[in-house]
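Here are the chains, one letter per residue:
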Amino acid sequence: MGTKDKRVEAYISNAGDFAKPILRHIRELVHQACPDVVETMKWSFPNFEHRGILCSMAAFKEHCAFNFWKARLMNDPQKRLSTVEKTSMGNFGRLRTLEDLPPDSVLIAYIKEAARLNEGGTKVPRKSKPAGKKKLVIPRYFKLALGKNRKALATFDEFSNSHKQEYLDWITEAKTEETRNKRMATAIEWLSEGKPRNWKYLKK
């Protein structure tokens, strides 16, 4: 028999008004499709376990996300499942209303498929480690801008390479110099406040 966690209920209650019906619906379907599922909280958002992690859901500022732990290994005859590993986007994109979710029958089939993989002991293949750590390439103009703001520079230096790269990609991918300068000014402002590039999508 499955179990519910009061922390998950609290998480849903504290989510935005748009998110509550989405999270509750996902929760209901997971328990319907897998009666033995166990709820828990991992990484500050709700996870559902059945012989291992089955799936998870999360609420952000303007959208929700629903992820399957073994999405890359699941059958997808409906072609509705994204296996791109971007947690904030989820396997079904950014969910802002119930209509953004696939039909219940499709979701239930996915949940049962995920449960079947766990019951069979299927493991997610480990990613091969890169030959070497990718060196960050920081443009001179951004180095100069950082040098003029001690707080921004301190934050940038303390960030992990992945967080640094998010800012660098955003700035260097600008199509025009004007756009690049605007992004760089915004980046310096956010860094001086200790914010990562995607801080808007972090649940408060």
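Residues numbered from 1 in each chain as written. Predicted model: local features only at pLDDT ≥ 70, side-chain atom pairs only at ≥ 80, totals over all residues. Heavy atoms only, no water.

**Student:** Please explain helix α6 (residues 161–172) as it appears in this structure.
**Tutor:** Turn by turn, an α-helix covers 3.6 residues, leaving residues three or four places apart pointing in a common direction. In this model, α6 (twelve residues) spans 16 Å end to end at C-alpha, consistent with the 16 Å of a helix rising 1.5 Å per residue. Listed as buried for α6 are Lys164, Tyr167, Leu168, Trp170 and Ile171. For α6, the angular spread of buried residues about the axis comes to 165°, placing them on one side. Elements that come into contact with the buried residues of α6 comprise α4 (140–147), α5 (150–158) and α7 (177–192). (Helix = DSSP H or I, 4+ residues; strand = E, 2+ residues; numbered from the N terminus. Expected span 1.5 Å × (residues − 1). Buried < 20%, exposed > 50% of the residue type's maximum accessible area, 1.4 Å probe, protein only. Arc of directions from axis to C-beta. Contact = heavy atoms within 4.5 Å.)

**Student:** I keep staring at the pairing of strand β2 (residues 45–49) and nothing clicks. Help me out?
**Tutor:** Both faces of the sheet carry side chains from a regular strand, because those side chains alternate between them. Among the five residues of β2, four are classified as buried, and the element is accordingly described as predominantly covered. Note: strand β1 (residues 38–42) against β2, five bridges, orientation antiparallel. Note that in β2 the partner of lysine 42 across the bridge is phenylalanine 45. The pairing of β2 with strand β3 (residues 53–59) spans three bridges and is classified as antiparallel. (Pairing = 2+ DSSP bridges.)

**Student:** Can you help me understand the sheet that holds strand β4 (residues 64–68) in this one?
**Tutor:** Where strands meet in a sheet, backbone hydrogen bonds hold them as pairs that are either parallel or antiparallel. Pairing within the open sheet is antiparallel, and its four strands lie in the order β1-β2-β3-β4. A strand with exactly one partner marks an edge of an open sheet, and here the two such strands are β1 and β4. The sheet shows a mean angle of 20° between the axes of neighbouring strands, taken without regard to direction. Strands in contact with helix α1 (residues 6–14) are β1, β2 and β3; relative to β1, the strand with the most contacts, it is inclined by about 65°. Each of β3 and β4 is contacted by helix α3 (residues 104–119), which is oriented at about 135° to β3, the strand it contacts most. (Axes fitted to C-alpha atoms, helices over the stretch in contact; angles between N-to-C directions.)

**Student:** What's the story with the confidence of the model for the protein chain in this structure? I'm lost.
**Tutor:** Parts of the prediction with low pLDDT should not have their coordinates interpreted in detail. Scored by pLDDT, the protein chain has a mean of 88; 91% of the residues are at 70 or more. Taken element by element, the protein chain is modelled with least confidence in α6, mean pLDDT 90, and with most confidence in helix α2 (residues 19–33), mean pLDDT 97. (pLDDT = per-residue confidence, 0-100.)

**Student:** Explanation requested: the nonpolar core in the structure shown.
**Tutor:** Formed by 40 residues in total, the largest nonpolar core has its most connected members in Leu23, Phe66 and Phe68. By residue number, the principal contributor to this core is α3, which donates eight residues. If we skip the residues at most four places from it in the chain, phenylalanine 66 touches Ile26, Val30, Cys55, Ser56, Met57, Gly90, Asn91, Phe92, Leu95 and Leu107. Membership of the second largest hydrophobic core comes to 16 residues, among which are Phe142, Ala152, Phe159 and Tyr167. (Core = buried A, V, L, I, M, F, W, Y, C linked by side-chain atoms within 4.5 Å.)

**Student:** So what exactly am I meant to see when it comes to the pattern of salt bridges here?
**Tutor:** Pairs may arise between side chains of opposite charge once their charged atoms sit close together. With the rule as written, the count across this model stands at nine salt bridges. A salt bridge links glutamate 49 to lysine 42, with the shortest nitrogen-to-oxygen separation between them at 3.6 Å. A relative accessible area of 23% means that glutamate 49 is categorised as partly exposed. You can call lysine 42 partly exposed: its relative accessible area is 29%. One salt bridge in this structure joins arginine 180 and glutamate 177, with 4.0 Å as the shortest N-O distance. You can see arginine 180 and its partner glutamate 177 sitting in helix α7, three residues apart, about one turn around the helix. On the basis of relative accessible area, arginine 180 is assigned to the partly exposed category, the value being 22%. Overall, the relative accessible area of 55% leaves glutamate 177 in the exposed class. (Salt bridge = Lys/Arg side-chain N within 4 Å of Asp/Glu carboxyl O.)

**Student:** Help me out: how do you make sense of the environment of asparagine 14 in this one?
**Tutor:** Along the chain, asparagine 14 turns up in helix α1. Separated by 45 residues in the primary sequence, asparagine 14 and alanine 59 place their C-alpha atoms 9.6 Å from one another.

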